[in-house]
Amino acid sequence: FLVWSRLMEEELRSHFPEYSHRTIVNIGAPQFDGHTDPSNIMQREEFCERLGLDTSKPIILYCTGGPHVCRNEHLLIKELQDTIQQLAKVAHPQLLIRLHPYFWNTDLRVYENIKGAAVWPRQEDVPQMLGGSTSGLLDDYRMMLSSFYHQALNINVASTVTIDSMIFDRPVI
C-alpha cells in the first residue's frame, strides 16, 4: 500500500487489520513533488509578461473554488478588487485570478464578470487544456507553480492551493 503520511498508515492499519501483514510505504503527496524542481518555475519576467503583470509590483493571487464551492464568487472577486484599489496608495498590488479547473468547461461567463485583473487560464488557452493536450497541461502546471512562487499573498475560499502556497513560504488568507 502507498500512503501519504504516517497518520494514513496508522488509519490503514486500524481500519483494515487484515492487511497489517502487507507492506505499507509512506510516499508523501506526489502532487507536490514538482514544487522542488526549479525548472518548473518560470522567471518572474517571463511569467509576468505572459499575464500582462508588472514585474515590480506585488502579486495577490486569488484562486477560485469553482461553481460547486462558491456560486457567486465573482462578487467576492469584485470586493477583493475594491480592497486592492484602496491599497494602491501604499503597495500598488496587482491581482491575478487563477480559475479552478471546474470553470474551464462549466461557466465561461466567469471571464465576462472579471475586469481589471489578470486571469489564468486565459480564455483562449482553455480549449487546449480541455482537450487534454500534454503541452497545454504541462504549460498550466508551470504557470500554476510559478503563480505560487511569484505571489506575495494567496487568497482562496477553500483549496489545496493553501498547501502549494505554504510550500513556497507564502502567506495565505
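Below you will find a few notes about this structure.

About the criteria used
- Sequence positions are assigned chain by chain, starting from 1 and proceeding in written order.
- This being a predicted model, a pLDDT of at least 70 is required before a residue's local features are given, and a value of 80 or more before pairs of side-chain atoms are given or counted; all residues contribute to the totals for chains, interfaces and linings.
- Excluding hydrogens and water, the side-chain figures rest on all heavy atoms present in the structure.
- Burial status follows relative accessibility: with a 1.4 Å probe on protein chains alone, a residue under 20% of its type maximum counts as buried, one over 50% as exposed, and anything between as partly exposed.
- Put simply, DSSP marks the helices as runs of H or I at least four residues long and the strands as runs of E at least two long, and each gets a number from the N terminus on.
- Between any two strands, pairing holds if DSSP finds at least two bridges.
- A crossover gets the label right-handed when its path from the first strand over the helix to the second runs clockwise, viewed with the strands pointing away from the viewer.

1. Topic: the pairing of strand β4 (residues 94-98)
Turning to step 1, where the next piece is worked out: Among the five residues that make up β4, five are buried, leaving the element largely enclosed by the rest of the structure.
Turning to step 2, where the next piece is worked out: By the bridge criterion, five bridges tie strand β3 (residues 59-63) to β4 in an arrangement that is parallel. Bridge pairing in β4 links Leu61 to Leu96.
Turning to step 3, where the next piece is worked out: Of the crossover connections in this fold, the one passing from β3 over helix α3 (residues 73-87) to the parallel β4 is right-handed.
Turning to step 4, where the next piece is worked out: Sheet topology note: the β4/strand β5 (residues 118-120) ladder contains three bridges and is parallel. Looking at the pairing, Arg98 lines up with Trp120 of β5.

2. Structural notes on the environment of Lys78
Turning to step 1, where the next piece is worked out: For Lys78, the position within the fold is in helix α3.
Turning to step 2, where the next piece is worked out: Separated by 37 residues in sequence, Lys78 and Lys115 have C-alpha atoms that sit 8.8 Å apart.

3. Topic: the pairing of strand β6 (residues 153-156)
A regular strand carries its side chains on alternate faces of the sheet.
Turning to step 1, where the next piece is worked out: Side chains of β6 alternate between two faces, with Leu153 and Ile155 and Asn154 and Asn156 buried alike.
Turning to step 2, where the next piece is worked out: Pairing of β3 with β6, which is carried by four bridges, proceeds in the parallel orientation. When the bridges of β6 are listed, Ile60 appears paired with Leu153.

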